[in-house]
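# Residue-level structure breakdown
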Amino acid sequence: MPKSNFQAQLLPTLKTYFGYDSFRDQQKAIVETVLRNKDCLVIMPTGGGKSICFQLPALLLKGTTLVISPLIALMKDQVDGLNANGIPAAFFNSSQDTAQQEDILDRVIKADLKLLYVAPESLAALQNILNESYISCIAIDEAHCISSWGHDFRPSYQQLGFLKKSLPNIPIIALTATADKATRQDILNQLQIPNATAFLSSFDRENIELEVRPANNRASQIINFITKKSNESGIIYCLSRKNTEQISKKLNDNGIHASAYHAGLSFEERTKVQENFIFDKVQVVCATVAFGMGIDKSNVRFVIHHNMPKNIEGYYQEIGRSGRDGLNAKALLFHSYADVIQLRKFASGAANEEVQIAKLERMKQFSEANTCRRKILLSYFGELLAENCGNCDVCKNPPQFFDGTIIGQKILSTITRLNESEATGTVIDVLRGAKNANILEKRYDRIKTFGIGHDITWKDWQQYIIQLINQGFCEIAFHKNNALQLTSFSNKVLYENTKIYLTRPVDRIENVKEEKRKQPKKSKDNSLFERLRKLRYKISLEENIPAYLVFSDAALKEMERVRPMSASEFLTISGVGQRKLEVYGDEFIAEIMSFMNSKIKAPKKTETHMVTYQLYKSGLSIDEISIERKLKSTTIYSHIAKLHSDGKDINIFDFVSKSEVEAVKKVKTELDAPKSLKPYFEHFEGELDYFKIRLALSVIDTKA
Ligand code: ADP
Ligand code: ZN
């Protein structure tokens, strides 16, 4: 199949059906490879845009593209999304009755379906259509499920090797977000596509801001964090069921609509929570790690780890559920030693205990890092970032080091005097001179260093001790009740004048208290974005599809910025294709117009030309606009010129004739394109008004 057949159709099809103007990274190359009938292996992070890689070829090729997918929930979501874009697609599974199933097979035979989603278990029922005259391409989503090396092994995936055998001339495209080499090789072997072209994308998710905070007062920190994110969807991952329920309750007590999700709930309850989240009916889900697998929700704006994840793979996968639409998202991780200790306990005794502990150790190092966190993450996945990312807490707030030798010495000598037998809490109590039962009972108040650190807060001592541990000046003996112990480095500080450099702990709790006094922000509710979001929500309920399938947050943001007021402008929005224009265009344009109307009373300076535009679109003449707005008509003309050069829908030739434009064009060349309007005006000896010159230039520049 020669490449040129499709080349000219790629971008128009992308725009018409998906509403996008350009391909991302490797999408184009992948689509072209599939269209050349070649097998592909696509490795792209979550949110990278894998779906387009097989959905676009499906539209161009004759026949139906079969999509193998492991989760029924995901299939439904994708099919709803495709239908919303006017693409004939369906899924086939055991929950359907015979009539429904037959109808689907019929549509394949009639070439009336572009995409058919199916779980591997249901393939056997598709025997009749599994031949090369009906099937155009086979996409295998979540292809890592085929490999027992991967973390999501599904035995039913292992029978998929037969596909290449029975349909040898049909291209197979395998897609996954799992990078490791063993899994990749396994996919190629088992699918029998050894010569597939591999496409490896960067694993960087630049739009996700990374932050790690010490786990003091987590609940208030979380409440404070979410209060500032009015109405934005987010997930909070917790270690235990109890945690999920506690946090969820606290959030609700503070006016944030949240639900808990964990394995202790019934299947129905879990489905309900998941659905409410997808439909934006609940803002936050507090979940154990089980949550999120089958969720493609593109507008998750934050992921919080209330507890430390077991390993970096899990962490990356979980934060990857935010910001799939490419807009800014935030990943906030709380780091606590208690969690590390707990996770160590979970790991001990496991068959691969050593591996688990080593992975936990890497996770801990990531949390404690003083260097760009994204660099650490990506290097873990074998990808090297040349520059610091600028979008993590370390980059944004680089640590300031000071000479902390005396502080270090106080800690180390206290550890010595406690015979290296006490955990962090007791060491700090001694330093601060606490007279609690434990201290008095053990007579620690007689120790020489008792109370030498009363001037430093408990929390700060804790931070300093963590820093000493990270720098190797002391360590936690996990097998001895987590006692703090000395290392070979300790003596250098105590006896050889080796200096210790520490960073000042960031006092976030202070921030929490301060901001609690402020009223939560309400002003955002009147923004155009908020109004469009409400409209989207209304439509989502009416049509029973998730709001993000109506339009993504990114599309709404662009509408807010561009304020399209005509069909042709609406179509320029990324994410608006032909069908969405037809079905939703009028309602959204009306909402934008009504928003603009409400602004006419008190226009902001920056919006003044848009107010003019709104009046223009409602049919007023320049003079009428000028009266309505109490502005000079020359000002209104300058708005018209700007609107025209901004690409707005202006009938420019109502204001300046084609011959006038030609005349200005000639003069422009003669005068060597002067910067100001005056030379033109003088050239025409006052015969052509300033505003006409201006409009003519706008036409000339727009065409150029
Ligand atoms: P993945 O399956 O890799 O996790 P998706 O295919 O769901 O990712 O795409 C993630 C998001 O990116 C979706 O909201 C999708 O609509 C959007 N997207 C994909 N390709 C493009 C593109 N070329 N331009 C703009 N947005 C895109
Ligand atoms: Zn960084």
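Residues numbered from 1 in each chain as written. Chains lettered and ligands numbered in written order. Predicted model: local features only at pLDDT ≥ 70, side-chain atom pairs only at ≥ 80, totals over all residues. Heavy atoms only, no water.

Attention now moves to the overall build of the protein. Helix and strand counts for the protein stand at 33 helices and 17 strands. Its C-alpha atoms put the protein at 100 × 70 × 50 Å along the principal axes. Here the protein holds 704 residues, and the buried ones make up 53% of them. Of the contacts made within the protein by residues no fewer than 6 positions apart, 71% connect residues no fewer than 24 positions apart. Summed over its atoms, the accessible surface of the protein is roughly 33,200 Å², and 49% of this surface lies on carbon and sulfur atoms. One finds the centroid of the 94 positive side-chain charges in the protein at a distance of 5 Å from the centroid of its 83 negative side-chain charges. (Helix = DSSP H or I, 4+ residues; strand = E, 2+ residues; numbered from the N terminus. Buried < 20%, exposed > 50% of the residue type's maximum accessible area, 1.4 Å probe, protein only. Contact = heavy atoms within 4.5 Å. Areas by Shrake-Rupley, 256 points an atom, 1.4 Å probe, with all protein chains shown as cover. Lys, Arg positive; Asp, Glu negative; His and termini not counted. Charge placed at Lys NZ, Arg CZ, Asp CG, Glu CD.)

Inspection of the region around ligand 1 gives 14 residues, with Tyr20, Ser22, Gly47, Ser51 and Arg324 positioned closest. A distance of 2.6 Å separates an oxygen atom of ligand 1 from a polar backbone atom of Gly47. A distance of 2.6 Å is found between an oxygen atom of ligand 1 and a side-chain nitrogen or oxygen belonging to Ser51. Across the complex, the protein chains shield 82% of the 570 Å² of accessible surface that ligand 1 would expose by itself. With three residues, helix H4 (residues 50-60) is the single largest residue contributor to the shell around ligand 1. In the shell around ligand 1, the residues fall into four nonpolar, seven polar and three charged. (Near = heavy atom within 4 Å. Polar contact = N/O pair within 3.5 Å; in protein donor to acceptor, adjacent residues only side chain to side chain. Nonpolar A, V, L, I, M, F, W, Y, C, P; charged D, E, K, R; others polar.)

Moving on, we get to the side chain of Lys330. Mapped onto the elements of the fold, Lys330 is located in strand S13 (residues 329-335). Judged by relative accessible area, which is 12%, Lys330 ranks as buried. Only 3.4 Å separates the side chain of Lys330 from the side chain of Glu209, close enough to count as a polar contact. If near-sequence neighbours (up to four positions away) are discounted, Lys330 is found in contact with Ile208, Glu209, Glu211, Phe225, Arg301, Phe302 and Val303.

Now for the sheet that holds strand S5 (residues 135-140). A sheet is described by the order of its strands in space; here seven strands give the open sequence S3-S4-S2-S5-S6-S1-S7, paired in parallel fashion. A strand with exactly one partner marks an edge of an open sheet, and here the two such strands are strand S3 (89-92) and strand S7 (197-200). The mean inter-strand angle of the sheet, taken between neighbouring strand axes irrespective of direction, is 20°. Sheet strands in contact with H4 are strand S1 (40-43), strand S2 (64-68), strand S4 (115-118), S5 and strand S6 (172-176), and its direction is about 160° off that of S6. (Pairing = 2+ DSSP bridges. Axes fitted to C-alpha atoms, helices over the stretch in contact; angles between N-to-C directions.)

Before going further, it helps to examine the coordination of the zinc ion (ligand 2). Tetrahedral metal sites with four donors have an ideal angle of 109.5 degrees; octahedral sites with six donors have ideal angles of 90 or 180 degrees. Around the zinc ion (ligand 2), the protein supplies Cys372 (SG), Cys389 (SG), Cys392 (SG) and Cys395 (SG) as donor atoms, at distances of 2.3 to 2.4 Å. For the zinc ion (ligand 2), the four donor atoms in the first shell make angles of 102 to 119° at the metal, so the coordination geometry reads as tetrahedral. Sequence positions of the donors to the zinc ion (ligand 2) reduce to the motif C-x16-C-x2-C-x2-C. Since its relative accessible area comes to 24%, Cys389 is described here as partly exposed. According to the relative accessible area criterion, Cys392 is buried, its value standing at 0%. (Donors = N, O, S within 2.8 Å, 3.2 Å for Na, K, Ca; no water. Tetrahedral: all angles 85-135°; square planar, octahedral: opposite > 155°, others 65-115°.)

This paragraph deals with the packing of aromatic side chains. Applying the stated criterion to the full structure yields 14 aromatic pairs. Residues Phe402 and Tyr464 carry aromatic rings whose centres are separated by 6.2 Å and whose planes lie at 75° to one another, so their mutual orientation is edge-to-face. Of the two residues, Phe402 sits in strand S14 (residues 401-403) while Tyr464 sits in helix H20 (residues 458-470), which places them 62 residues apart along the sequence. By the burial criterion, Phe402 is buried, and Tyr464 matches it. Between Phe551 and Tyr584, the ring centres sit 5.7 Å apart and the planes meet at 70°, which makes this aromatic pair edge-to-face. Of this pair, Phe551 sits in the loop between helix H24 (547-550) and helix H25 (553-562) while Tyr584 is found in helix H27 (residues 578-600), placing the two residues 33 residues apart along the sequence. No difference in accessibility class separates Phe551 from Tyr584, as the two residues are buried. Joined through ring pairs, the aromatic side chains of Tyr613, Tyr616, Tyr637, Phe655 and Phe691 make up one cluster. The side chain of Arg504 reaches across the aromatic face of Phe402, ending 4.0 Å from its centre. Over the aromatic face of Phe653 sits the side chain of Lys658, whose NZ or CZ is 4.8 Å from the ring centroid. (Phe/Tyr/Trp six-rings, centres within 6.5 Å; stacked < 30°, edge-to-face > 60°. Lys NZ or Arg CZ within 6 Å of the ring centre and 35° of its normal.)

With that settled, the discussion passes to the environment of Ser626. Looking at the element boundaries, Ser626 is found in helix H29 (residues 622-629). Of the residues examined, Ser626 reaches a relative accessible area of 13% and is grouped as buried. Considering only alpha carbons, one finds Ser626 and Tyr637, 11 residues apart in sequence, at a separation of 9.5 Å. The contacts of Ser626, once residues within four sequence positions are left out, are Leu631, Lys632, Ser633 and Ile636.

The next subject is the pattern of salt bridges. A full pass over the atoms with the stated rule returns 35 salt bridges. Between Arg301 and Asp325 there is a salt bridge, with its nearest N and O atoms 2.8 Å apart. You can see Arg301 sitting in strand S12 (residues 300-305) and its partner Asp325 sitting in the loop between helix H12 (312-319) and S13, a full 24 residues away along the chain. In this structure Asp325 comes out as buried when scored by relative accessible area, which is 12%. When salt bridges that share partners are traced, they join Asp280, Lys297, Arg301, Asp325, Arg536 and Asp553 into one network. (Salt bridge = Lys/Arg side-chain N within 4 Å of Asp/Glu carboxyl O.)

Here the focus is the domain arrangement of the protein. One can read the domain layout of the protein as domain 1 (3-200), domain 2 (208-396), domain 3 (402-502) and domain 4 (553-703). The straight-line distance from the C-alpha centre of domain 1 to that of domain 3 is 58 Å. (Domains from an automatic or database assignment.)

Here we come to unusual backbone geometry. Positive phi outside glycine occurs at Arg443, with the angle close to 60°. Topologically, Arg443 is positioned in the loop between helix H19 (437-441) and H20. Phi angles above zero are rare outside glycine, and Asn497 is one such case at about 60°. Positionally, Asn497 belongs in the loop between helix H21 (490-495) and strand S17 (501-503). For Asn497, a relative accessible area of 65% translates into the label exposed.

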